[in-house]
Amino acid sequence: MDATNLKRCSMNLQYLISGRSIGVIVGLLGCWGAIPCANADSSISANQMATAATTLAESLDDSQREVALLPLDTDERASWSNLPIVMFEPSGLLIRDMSDEQRKATHALLRASLSSQGYAKVAGVMWLDDVLGEIEQLSIDNETGASNTRYRQAMADSRSSGNYAVAIFGDPGDGNWGWKLAGHHLAVNFTVSGDRVGFTPTFLGSSPMAIDSGRYSGRMVLSHEGERGIQLMQSLSESQQQSAIIAPELARDIFEGPGRRASLARFEGLKTDELSSRQMHLLRNLIREYLGNVDYDAAAAQLKLIEEHGWGELWFSWRGPVDVAGKFYYRVHGPRLLIEYNRQNENHDHSIMRDPANDYGEDWLEEHYKENHPTLEQAIRDTRRRVEDQHRH
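Here goes a summary of the coordinates provided. Note that the structure is predicted; figures quoted are calculated from it, not measured.

1. Let's talk about the environment of G257
Turning to step 1, where the next piece is worked out: Tracing the sequence through the fold places G257 in the loop between strand 8 (245–247) and strand 9 (270–271).
Turning to step 2, where the next piece is worked out: Since its relative accessible area comes to 0%, G257 is described here as buried.
Turning to step 3, where the next piece is worked out: Leaving out residues up to four positions away in the same chain, G257 has contacts with W80, I352, R354 and E371.

Okay, here's the thing in structure tokens:
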């Protein structure tokens, strides 16, 4: 660790600990833990991502290149969904349409872009779609006289780890380019500009959240996202909780999901300059759970941007009961960070991380991308109509 980083870590310690020995340990964990206090240089991530993306691009045939290699300035960069592909078909090449070598190259690109934690989550979300397909098919097979069977069958048939699409935007050999992987409960959007790496928006969801029977019983893909929020909320005093709770009713979903960015007009809840050193430590743990999904140098660069605005310039808000096993919603919001987590039901969750100032690397690229996404009601209505039309023909 050089002198500049040592000084910055020391300043963080002074802010966090107020001279207590237990706080020294907490502060050191913040500096030498999952996200290092390194200078923000993402060149390692940028280089390894470019190499992996080039390998994947060179493995494609001409027809695959037409769908997987797209210009950097297209709005397709911002066209993604957490819905299954029967409801919203993502741009790019589906994994099911790749050879084994191309699938290996796709996973190599994921590993070049993500930390081991992040790679486990992303690969796990895709695997979980296979599990969900089995669960839904078993439910259909065991029911008689159920309504909407054709629609439910179409949904079950769409559940597959092969139904995720990869698209590369621009030339990985140039200074500016990006890539995306999207499908049910998953969207990772990466931007490379010189030696800088952006990774927002990132959407992760899981259903089932915890598998409750069979050979995979007990497994969770997103095991800590909800838990970190509960830990922070439970650490707050009664008056702090009253400030944090912005509505007693549950949220229907995350607010800035696909097609809905910038829909939160203001910061809400409890401002984090009111947190104690222990509560601030829990907040940092929560944020690391999301930042830590990408490779360490890209994560450190984003962490530095948050720190430059100040740890006390974030806002924490909550909806619903404080119940680890129930439904709830939380948000961490600031100038360079938006995290939302929503427990859709007791065994289904959604999360998103955005950079309000630089999603899709717009600030670096001097581009503006338009997100396009139907409402859930419209997507369901259109899907039912397509399924019935296909049955009639």
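Picking up where we left off.
2. A look at the packing of aromatic side chains
Turning to step 1, where the next piece is worked out: As enumerated under the stated definition, the model contains 12 aromatic pairs in all.
Turning to step 2, where the next piece is worked out: On the numbers, 4.9 Å between centres and 10° between planes, the contact of W318 with F328 is stacked. A residue pair is termed long-range when its members are at least 10 positions apart, and W318 in strand 10 (residues 315–319) and F328 in the loop between strand 10 and strand 11 (329–334) qualify at 10 residues.
Turning to step 3, where the next piece is worked out: When its relative accessible area of 0% is taken as the criterion, W318 is described as buried.
Turning to step 4, where the next piece is worked out: Centroid distance Y360 to Y369: 6.0 Å. Interplanar angle 65°. Geometry classified as edge-to-face.
Turning to step 5, where the next piece is worked out: When its relative accessible area of 0% is taken as the criterion, Y360 is described as buried.
Turning to step 6, where the next piece is worked out: Here the aromatic residues F316, W318, F328, Y330 and Y341 are joined through ring pairs into a cluster of three or more.
Turning to step 7, where the next piece is worked out: Note that R111 overlies the ring of Y119, its terminal NZ or CZ placed 5.4 Å from the centroid.
Turning to step 8, where the next piece is worked out: Between R331 and the ring centre of F255, over which it is positioned, the NZ or CZ distance is 5.4 Å.

3. Things to note about the nonpolar core
Turning to step 1, where the next piece is worked out: Membership of the largest hydrophobic core comes to 69 residues, with the highest contact counts inside it found for W179, L181, I287 and F316.
Turning to step 2, where the next piece is worked out: Ignoring sequence-local partners within four residues, the contact set of F316 consists of G229, L232, M233, L236, A244, E268, G269, L270, L286, Y330, R331 and V332.
Turning to step 3, where the next piece is worked out: Core analysis: the next-biggest nonpolar cluster, separate from the first, contains 14 residues, L70, F169, A182 and I352 among them.

4. Let's talk about helix 8 (residues 225–235)
Turning to step 1, where the next piece is worked out: Burial analysis of helix 8 places 8 of its 11 residues in the buried class, the great majority of the element.
Turning to step 2, where the next piece is worked out: For helix 8, every residue scored as buried is listed here: E225, G226, R228, G229, I230, L232, M233 and S235.

5. Some thoughts on the environment of A112
Turning to step 1, where the next piece is worked out: Position of A112 among the secondary structure elements: in helix 5 (residues 100–113).
Turning to step 2, where the next piece is worked out: Overall, A112 belongs to the buried group, its relative accessible area being 9%.
Turning to step 3, where the next piece is worked out: In this structure the C-alpha to C-alpha distance between A112 and N47, which are 65 residues apart in sequence, comes to 9.0 Å.
Turning to step 4, where the next piece is worked out: When near neighbours in sequence (up to four residues on either side) are disregarded, A112 contacts S45, Q48, M49, A52 and D295.

6. Here's the deal with the environment of T74
Turning to step 1, where the next piece is worked out: By the element assignment, T74 lies in the loop between strand 1 (69–70) and strand 2 (93–94).
Turning to step 2, where the next piece is worked out: Once the C-alpha coordinates of T74 and E367 are considered, the two residues, 293 residues apart in sequence, prove to be 9.8 Å apart.
Turning to step 3, where the next piece is worked out: Residues in contact with T74, not counting those within four places in the same chain, are F169 and Y369.

7. Points about the pairing of strand 11
Turning to step 1, where the next piece is worked out: In terms of residue burial, strand 11 counts as a mostly covered element, since 6 of its 6 residues are buried.
Turning to step 2, where the next piece is worked out: Burial along strand 11 is two-sided: Y329, R331 and H333 facing one way and Y330, V332 and G334 facing the other are all buried.
Turning to step 3, where the next piece is worked out: Summarising the sheet, strand 10 and strand 11 pair through 5 bridges and their orientation is antiparallel. Counterpart to F316 in the pairing with strand 11 is V332.
Turning to step 4, where the next piece is worked out: Relative to strand 12 (residues 337–345), strand 11 is paired through 6 bridges, and the arrangement is antiparallel. Bridging from a neighbouring strand, Y329 pairs with N342 of strand 12.

8. Some details on the packing of helix 8 against helix 10 (residues 277–291)
Turning to step 1, where the next piece is worked out: The geometry of helix 8 relative to helix 10 is characterised by a closest axis approach of 9 Å and an angle of 165° between their N-to-C directions. Overall, the two elements helix 8 and helix 10 adopt an arrangement that is roughly antiparallel. The handedness of the crossing between helix 8 and helix 10 is left-handed. Along its contact with helix 8, which presents E225, R228, G229, Q231, L232 and S235, the element helix 10 presents R278, Q279, L282, L283, N285, L286, E289 and Y290.
Turning to step 2, where the next piece is worked out: Its residues assigned to classes, the contact of helix 8 with helix 10 shows 5 nonpolar, 5 polar and 4 charged.

Basis of the calculations
Residues numbered from 1 in each chain as written. Predicted model: local features only at pLDDT ≥ 70, side-chain atom pairs only at ≥ 80, totals over all residues. Heavy atoms only, no water. Helix = DSSP H or I, 4+ residues; strand = E, 2+ residues; numbered from the N terminus. Buried < 20%, exposed > 50% of the residue type's maximum accessible area, 1.4 Å probe, protein only. Contact = heavy atoms within 4.5 Å. Phe/Tyr/Trp six-rings, centres within 6.5 Å; stacked < 30°, edge-to-face > 60°. Lys NZ or Arg CZ within 6 Å of the ring centre and 35° of its normal. Core = buried A, V, L, I, M, F, W, Y, C linked by side-chain atoms within 4.5 Å. Pairing = 2+ DSSP bridges. Axes fitted to C-alpha atoms, helices over the stretch in contact; angles between N-to-C directions. Parallel < 35°, antiparallel > 145°, perpendicular 65-115°, else oblique. Left-handed = near helix turned anticlockwise from the far one by under 90°. Nonpolar A, V, L, I, M, F, W, Y, C, P; charged D, E, K, R; others polar.

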